[in-house]
Amino acid sequence: MAASWVLSALHLPPVSWLPLTACVRSNSNRAAIGHLHRQLYGRRYPVLLVSTDGSTVRLRYSEPKRILMLPLDSSTLPEAERKARLRRQFRSKPKAKEEETFEGIDLDTYKKFWKK
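Per-chain numbering applies: the sequence of each chain, read as written, is numbered from 1 onward. Note on the predicted model: pLDDT of at least 70 is required for a residue's local features to be given, and 80 or more for side-chain atom pairs to be given and counted; whole-chain, interface and lining totals, by contrast, use all residues. Hydrogens and waters are ignored; side-chain quantities use all the structure's heavy atoms.

Engineer: Quick one: what's the story with the pairing of strand β2 (residues 56-61), residue by residue and with numbers?
Structural biologist: Inspection of the sheet shows strand β1 (residues 45-50) paired to β2 by 6 bridges, in the antiparallel sense. Paired with L48 across the strands is R58, a residue of β2. Pairing between strands is defined by DSSP: at least two bridges between the two strands are required. Labels follow the DSSP assignment, with helices taken as runs of H or I lasting at least four residues and strands as runs of E lasting at least two, numbered in each case from the N terminus. Once β1 ends, the chain turns through 5 residues before running back antiparallel as β2, passing G54 with a positive phi of about 100°.

Engineer: An account of the pattern of salt bridges is needed here, citing residue identities and associated values.
Structural biologist: Between Lys or Arg on one side and Asp or Glu on the other, a salt bridge is scored when a side-chain nitrogen of the former is within 4 Å of a carboxyl oxygen of the latter. Summed over all chains, the structure comprises 3 salt bridges. Between R85 and E81 there is a salt bridge, and its shortest N-O distance comes to 3.9 Å. Of this pair, R85 and E81 both sit in helix α2 (residues 79-89), separated by 4 residues, roughly a single helical turn.

Engineer: Provide a residue-level description of the sheet that holds β2, including the pertinent values.
Structural biologist: The strands making up a sheet are joined through hydrogen bonds of the backbone, oriented either antiparallel or parallel. Taken in spatial order, the 3 strands line up as β2-β1-β3 in an open sheet, and their pairing is mixed. Here the strands that pair on one side only, and so sit at the sheet edges, are β2 and β3 (67-69). When the angles between neighbouring strand axes are averaged without regard to direction, this sheet yields 35°. The angle between two axes is taken between their N-to-C directions and runs from 0 to 180 degrees, where each axis is a line fitted to C-alpha atoms and a helix contributes only its stretch in contact.

Okay, here's the thing in structure tokens:
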């Protein structure tokens, strides 16, 4: 009784206890119109985790992937293997080819193929 007297004395607007949603249908049929816009997947998926030494562990992951590989610390590798990995990762640009010159070609030989 005292609480209602305090609320009536404050002259607050009436509070709606209904949730502020546009869609009242919050059951399994609401996804029939379109897909749900989710940032995260609702379940966990089995994934194979491969560590740097080659050992594998099966675990549950939030995204549907087959294999997750942990990054390799290149400071622990021998120098030759580290350079080989860097060469494979950052391939060199292809060398520019020399342009063909028509100086050594006799054009009279191919005159019969030209349209008149």
